[in-house]
Amino acid sequence: MKEHVFFGEVLFIFGVVIFGMIRLAVLGLKYDRYLKEYHFEKWKEITTFFGVGPGMANSYRAFKFLFSKEDYGDNQLTVMKAKLRNTLIFSITSMIALPLFFIMILVLTKGN
C-alpha cells in the first residue's frame, strides 16, 4: 500500500513541475512572437546577443524587461508579462521545492 501512495505523491509532484515547465515554454513562445510582431525594436534589443543579430537568446535583457514596468501602453503586453512572470516564479519555486517534497515523502513513508 505505501508503495502506491509514494508513487502517487511523486507522480503528482513531477506532474506539477512538468505542467509548469510546459506552460512556461508555451507562454514564452507566445510572448516572444507578440513582441516580435508588435514591438519589433524591443524584441530586436532583447534578442541581440554579443553583436550577433536578433533572434538569439539574451536572458539578462529578457528578464530585465520581463520584470520591468515598461509596457508601451499595451494592455495585452502587460497581461502577457504578468502571466509569464507568475509562471516563471511558479516553475522556479516548484523546482526548488521538488527535492524537499521528495525527501519529506521518503521520510513520511519510511515509518509506515
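Below is a summary of the structure that appears in this document. (Residues numbered from 1 in each chain as written. Predicted model: local features only at pLDDT ≥ 70, side-chain atom pairs only at ≥ 80, totals over all residues. Heavy atoms only, no water.)

### Re the overall build of the protein chain
When you go through the protein chain residue by residue, the secondary structure sums to 4 helices and 0 strands. Taken from the N to the C terminus, the helices and strands of the protein chain come in the order α-α-α-α. Going through the 112 residues of the protein chain one by one, you find that 28% of them count as buried. For the protein chain, the exposed area adds up to about 8000 Å²; of that, 70% sits on carbon and sulfur atoms. (Helix = DSSP H or I, 4+ residues; strand = E, 2+ residues; numbered from the N terminus. Buried < 20%, exposed > 50% of the residue type's maximum accessible area, 1.4 Å probe, protein only. Areas by Shrake-Rupley, 256 points an atom, 1.4 Å probe, with all protein chains shown as cover.)

### Examining the packing of aromatic side chains
For any two aromatic rings, the description comes down to two numbers: the centre-to-centre distance and the angle of the planes. Per the stated rule, a full pass over the model turns up 3 aromatic pairs. With a centroid separation of 6.3 Å and 35° between ring planes, the pair formed by phenylalanine 65 and tyrosine 72 is classed as tilted. Positioned above the aromatic ring of phenylalanine 65 is the side chain of lysine 81, whose terminal nitrogen or guanidinium carbon lies 4.1 Å from the ring centre. (Phe/Tyr/Trp six-rings, centres within 6.5 Å; stacked < 30°, edge-to-face > 60°. Lys NZ or Arg CZ within 6 Å of the ring centre and 35° of its normal.)

### What about the nonpolar core?
Core analysis: the largest hydrophobic core is formed by 13 residues, its most contacted members being Tyr31, Leu35, Phe65, Leu66, Leu77 and Leu84. Of all the elements in the fold, those that place two or more residues in this core are helix 1 (2-38), helix 2 (40-47), helix 3 (59-66) and helix 4 (75-110). Discounting residues that sit within four places of it in the chain, leucine 35 has contacts with Phe40, Trp43, Ile46, Phe65 and Leu77. Grouped together as the second largest cluster of nonpolar side chains are 5 residues, Ile13, Val17, Leu98 and Ile105 included. (Core = buried A, V, L, I, M, F, W, Y, C linked by side-chain atoms within 4.5 Å. Contact = heavy atoms within 4.5 Å.)

### Quick notes on a nonpolar patch on the surface
Together, Phe14, Ile18, Ile22 and Val26 give the surface a local cluster of nonpolar side chains, amounting to about 360 Å² of exposed area. With respect to the secondary-structure elements, isoleucine 22 resides in helix 1. (Patch = residues over 30% accessible without salt bridge, like charges linked within 9 Å, V, L, I, M, F, W, Y side chains within 5 Å. Salt bridge = Lys/Arg side-chain N within 4 Å of Asp/Glu carboxyl O.)

### Digging into unusual backbone geometry
In the Ramachandran plot, tyrosine 72 falls in the positive-phi region, its phi being about 55° despite a non-glycine side chain. Locating tyrosine 72 in the fold gives a position in the loop between helix 3 and helix 4. Tyrosine 72 sits in the partly exposed class, given a relative accessible area of 43%.

### Some thoughts on a positive patch on the surface
A cluster of like positive charges, contributed by Arg23, Lys30, Arg33 and Lys83, occupies part of the molecular surface. If you tally residues by element for the positive patch, the top one is helix 1, at 3 residues. Summarising the element assignment, lysine 83 is placed in helix 4. Take lysine 83: its relative accessible area is 43%, and that puts it in the partly exposed class. (Lys, Arg positive; Asp, Glu negative; His and termini not counted. Charge placed at Lys NZ, Arg CZ, Asp CG, Glu CD.)

### Here we look at the packing of helix 3 against helix 4
At a minimum axis distance of 10 Å, the contact between helix 3 and helix 4 shows a crossing angle of 115°. Looking at the two axes, helix 3 sits roughly perpendicular to helix 4. Contact residues: helix 3 offers Phe63, Phe65 and Leu66, while helix 4 offers Leu77, Lys81, Leu84, Arg85 and Leu88. Looking at the contact of helix 3 with helix 4 residue by residue, the classes come out as 6 nonpolar, no polar and 2 charged. (Axes fitted to C-alpha atoms, helices over the stretch in contact; angles between N-to-C directions. Parallel < 35°, antiparallel > 145°, perpendicular 65-115°, else oblique. Nonpolar A, V, L, I, M, F, W, Y, C, P; charged D, E, K, R; others polar.)

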